[in-house]
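# Structural characterization, general
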Amino acid sequence: RPQFDADQGAKAVENAGGVIEMHHGSHAEKVVYINLVENKTLEPDEDDQRFIVDGWAAGKFGLDVPKFLIAAAATVEMLGGPKKAKIVIPSISPAQIAEALQGRGWDAEIVTDASMAGQLVDVRPEGILKCVDGRGSDNTRMGGPKMPGGIYAIAHNRGVTSIEGLKQITK
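The structure reproduced in this document is the subject of the present report. If you're wondering where the values come from, they're calculated on a predicted model, not measured in any experiment.

## Some remarks on the overall build of the chain
Tallying secondary structure elements over the chain gives 6 helices and 3 strands in all. Reading the chain from its N end, one meets helices and strands in the order α-β-β-α-α-β-α-α-α. Buried positions account for 18% of the 171 residues belonging to the chain. Across the chain, the fraction of contacts at a sequence separation of at least 24, relative to all contacts at a separation of at least 6, is 24%.

Structural data, given as structure tokens:
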């Protein structure tokens, strides 16, 4: 529990240069928008109320995004809000990805999952996190996800430089 009340919290936020807003009216939200489009948000509309959760922002603060979204859902439920969500995703299409690669001189084509039948496999929980490298391996647990640099890329992006840190990512 916080060691301060609402007024003390508001004063501390203001003293630190933050803004306090006062809402008017009653909750009448009809839907929850979960926005995953980075650096974008939706504006409130008093005449057509909706809850707005910028899920992408949780990652900016180092929060676990799914846990953040579940906490947001719990808050909506406690307020008696709707159990109806619209999830807003980035609108990049496969064609845009192909076009971007073609702009770099690549020969890029779009293929369907049906055309890859027999080659696409389910990711297995016991599969290793592997680099995107297409070479063969002496490891038979290839059913894990593929990422550029594998676990070392994750370590680099997190600023992990120690063996202990690498072990923690591996767990």
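Here the narrative resumes, following the displayed structure.
## As for the sheet that holds strand β2 (residues 51-54)
Pairing is parallel in the open sheet, where 3 strands are placed in the order β2-β1-β3. At either end of the open sheet lies a strand with only one pairing partner, and these are β2 and β3 (85-88). With direction set aside, neighbouring strand axes in the sheet form an average angle of 20°. Running over the sheet, helix α3 (residues 65-78) touches β1 (32-35) and β2 and is turned about 165° from β2.

## Describing the side chain of E29
Inspection of the secondary structure puts E29 in the loop between α1 (6-15) and β1. The charged side chain of E29 is buried without a salt bridge, its nearest counter-charge being K30 at 9.5 Å. A distance of 2.9 Å separates the side chain of E29 from the side chain of H27, its partner in a polar contact.

## Re the pairing of β1
In the case of a regular strand, side chains alternate between the two sheet surfaces. Because side chains alternate across β1, one face comprises the buried residues V32 and I34, and the other comprises Y33 and N35, equally buried. Relative to β2, β1 runs parallel, the two sharing 4 bridges. Looking at the pairing, Y33 lines up with I52 of β2. Where β1 lies against β3, 4 bridges are found, and the strand directions are parallel. In the strand pairing of β3, V32 is matched with A85.

## Here we look at the pattern of salt bridges
As enumerated under the stated definition, the model contains 2 salt bridges in all. Notably, a salt bridge pairs D48 with K30, separated by 3.0 Å at the nearest N-O pair. With D48 in the loop between β1 and β2 and K30 in the loop between α1 and β1, this residue pair connects regions lying 18 residues apart in the sequence. Between K60 and E38 there is a salt bridge; the shortest N-O distance is 2.8 Å. Of the two residues, K60 is situated in helix α2 (residues 55-60) and E38 in the loop between β1 and β2; the sequence distance between them amounts to 22 residues. Of the residues examined, E38 reaches a relative accessible area of 47% and is grouped as partly exposed.

## Observations concerning the environment of P94
Positionally, P94 belongs in helix α4 (residues 94-102). For the pair P94 and V111, spaced 17 residues apart in sequence, the C-alpha separation works out to 9.5 Å.

What counts, and at which threshold
- Residues numbered from 1 in each chain as written.
- Predicted model: local features only at pLDDT ≥ 70, side-chain atom pairs only at ≥ 80, totals over all residues.
- Heavy atoms only, no water.
- Helix = DSSP H or I, 4+ residues; strand = E, 2+ residues; numbered from the N terminus.
- Buried < 20%, exposed > 50% of the residue type's maximum accessible area, 1.4 Å probe, protein only.
- Contact = heavy atoms within 4.5 Å.
- Pairing = 2+ DSSP bridges.
- Axes fitted to C-alpha atoms, helices over the stretch in contact; angles between N-to-C directions.
- Lys, Arg positive; Asp, Glu negative; His and termini not counted.
- Salt bridge = Lys/Arg side-chain N within 4 Å of Asp/Glu carboxyl O.
- Polar contact = N/O pair within 3.5 Å; in protein donor to acceptor, adjacent residues only side chain to side chain.

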